[in-house]
Amino acid sequence: MKTIGLFLLLVLTPATAFGQAYCSLRDPIGAMQSSFPQLDHYRSIVRVVDETNRASILETLPFTIHENELGTHTLYTVFADDDELIGVIHVRTERSRWGLTEIAWALNSDLEIVGMHFQRSRDRHRRYIESEAFQKEIRGKNFDELRGLLSNDGDSINDAALVIPRDSHELALSVIRSALKTISATNTIWDDSLSSSSR
């Protein structure tokens, strides 16, 4: 019996650690300074995303989110020296045909896109998505404006609203859907932290 217990511990522990690693921000200070040059200090706020949260988020989206997106997540709240909230950074992991993709999203205090970068991606079109040409298409947009970049069912790019290379559509779709989930989750789960009280 002890042997079975030890075996399960050895098998499950790396999987748990692996899963949690994909919700963290690598080089937090560098990422924050890059997105928010006026950074003075920050807080990381860890919350558990549960089924109730998932149901609330789903009400805002035209597509589903998987149960494996539940669990512990961290929001980084960024403040100026007068304790004013200037933005947040939230890392999301998305599944793709090339494996897991990690996206670090930077949002201002109104939950509009400041920018994004891939922490991990094997997709050969990532260079275009991180380029200024694509970034300017999403920068400054809020939830509703991003929603307008997708079809009504959220399953494809709205060609009338977003003109990008056809071979980048699949990754762009995943990225925009990720942005929508990020904004919705931040507003749902960390709403009480989106204020200027940092200390």
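Structure first, text after, so check above.
Scoring rules and cut-offs
- The written sequence of each chain sets the order in which its residues are numbered from 1.
- Local features in this predicted model are restricted to residues of pLDDT 70 or higher, and side-chain atom pairs are both shown and tallied only at a pLDDT of 80 or more, whereas totals for entire chains, interfaces and linings draw on every residue.
- Side-chain numbers come from the whole structure's heavy atoms, not from hydrogens or water.
- Under the DSSP-based scheme used, a helix requires at least four consecutive residues in state H or I and a strand at least two consecutive residues in state E, with every element numbered from the N terminus.
- Burial classes follow relative accessibility: with a 1.4 Å probe on protein chains only, a residue under 20% of its type's maximum area counts as buried, one over 50% as exposed, and anything between as partly exposed.
- Contact definition: two residues touch when any of their heavy atoms are within 4.5 Å.
- Here, a strand pair is defined by DSSP locating no fewer than two bridges between the strands.

A. The arrangement of the side chain of His-125 in detail. Position of His-125 relative to the elements: it lies in the loop between β5 (113-120) and α4 (126-129). A residue is classified by how much of its surface remains accessible, and His-125, at 15% relative accessible area, is buried. When near neighbours in sequence (up to four residues on either side) are disregarded, His-125 contacts Asp-167, Ser-168 and Leu-171.

B. Region of interest: the side chain of Thr-101. Inspection of the secondary structure assignment puts Thr-101 in strand β4 (residues 99-108). Residue classification places Thr-101 among the buried residues on the basis of a relative accessible area of 4%.

C. Structural detail: the pairing of strand β3 (residues 85-96). Of all 12 residues that make up β3, 10 are buried, and the element is covered over most of its length. Taken together, the five bridges between strand β2 (residues 71-79) and β3 define a ladder with antiparallel strand orientation. Across the sheet, Tyr-76 pairs through a bridge with Ile-89, a residue of β3. The antiparallel pairing of β2 with β3 creates a hairpin that spans five residues between the two strands, and Asp-83 there sits at a positive phi of about 70°. Once β3 ends, the chain turns through two residues before running back antiparallel as β4.

Functional significance is not addressed by these values, which are geometric in nature.
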